[in-house]
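# Understanding the architecture of this molecule
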Amino acid sequence: MSGLPSRAPGWQHPLVFAPLPRSFYQPSAAEVAPALLGHWLIRRTAEGCCGGIIVETEAYLVEDPASHGFGGLTARNRAMFGPPGHAYVYLIYGLHYCVNAVCQPAGRAEAVLIRALAPIFGTALMRSRRGPAPANRLTSGPARICQALAIDRELDGVDVCAPDSPLLIAQNPERQAVVAKQGPVQVTPRIGISKAADRPLRFVLAGSPHLSRAIRHG
């Protein structure tokens, strides 16, 4: 696969990406969100393939006032109501897109917001979309991820479990080593929201330099 960097200690770059199975997304988003850390988010376009390792997520749950599904089914949030293992992509502030992985059986309206990636391959392509940015800010936030990976509403509802999908979440066979290297997994309140902001539903690899907001130590 073109665009792969040279192999570095602790990182593996599989040439064939195996999507996580749909059963992975059947539990609550509160369980899926930390389990996604260390796996791959992959985007395929006519320009090439790019992606990175998920290092920050947030869970949005049924009966959660901060969730887009809280007020019921709409044209905007339809993908969030299932089935699981699909993308929910929405526009915020009329400017920026955010991408989520839908969880729970159909009708339950839960999802995991992917907040930050460690950009691993296709970085030249990502930079062509994002412009000049330090490496640790290239995909350090949900809007930056979508801009770098060319994710927009056209991908709303796409199956992230399909091997040939333009957007997929793939199993990282080296996840355990990545989590050990970039961890520990740490839980914090969600950020960037006003409702239910104190709920401990943000999950990060605390040692990653690519987080949307750094974790203070000590």
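Our subject is the structure that appears above.
Just so you know, these numbers come straight off a predicted model, no measurement behind them.

### Comments concerning the overall build of the chain
When you go through the chain residue by residue, the secondary structure sums to four helices and eight strands. Helices (α) and strands (β) of the chain occur, in sequence order from the N terminus, as α-β-β-β-β-β-α-α-β-α-β-β. The globule rule puts the C-alpha radius of gyration for 218 residues at 17 Å, and the 16 Å found for the chain is close to it. The principal-axis extent of the C-alpha atoms belonging to the chain is close to 45 × 45 × 35 Å. A buried classification covers 52% of the 218 residues belonging to the chain. A sequence separation of at least 24 residues applies to 62% of the contacts in the chain between residues at least 6 apart. For the chain, the exposed surface amounts to about 9,600 Å²; the carbon and sulfur share of it is 55%.

### Focus on helix α2 (residues 123-130)
Along α2, the residues that are buried comprise L125, M126, R129 and R130. One side of α2 carries all its buried residues, which in axial view fall inside an arc of 130°. The exposed residues of α2 that point more than 90 degrees off its buried face are A124 and S128. Contact partners of the buried residues in α2: β1 (40-45), β2 (48-60), β5 (110-121) and α3 (142-149).

### Digging into the environment of C50
Take C50: it is sitting in strand β2. The exposure class of C50 is buried, given its relative accessible area of 0%. Residues within four places of C50 in sequence aside, it is in contact with L41, I42, R43, F121, G122, L125, M126, R129, A148 and L149.

### Digging into the side chain of E110
Tracing the chain through its elements places E110 in strand β5. One buried charged residue, E110, remains without a salt bridge, the closest side chain of opposite sign being R108 at 4.8 Å. One polar contact links the side chain of E110 to the main-chain amide nitrogen of V62, over a distance of 3.0 Å.

Procedures and definitions
Residues numbered from 1 in each chain as written. Predicted model: local features only at pLDDT ≥ 70, side-chain atom pairs only at ≥ 80, totals over all residues. Heavy atoms only, no water. Helix = DSSP H or I, 4+ residues; strand = E, 2+ residues; numbered from the N terminus. Rg over C-alpha atoms; globule rule 2.2 N^0.38 Å. Buried < 20%, exposed > 50% of the residue type's maximum accessible area, 1.4 Å probe, protein only. Contact = heavy atoms within 4.5 Å. Areas by Shrake-Rupley, 256 points an atom, 1.4 Å probe, with all protein chains shown as cover. Arc of directions from axis to C-beta. Lys, Arg positive; Asp, Glu negative; His and termini not counted. Salt bridge = Lys/Arg side-chain N within 4 Å of Asp/Glu carboxyl O. Polar contact = N/O pair within 3.5 Å; in protein donor to acceptor, adjacent residues only side chain to side chain.

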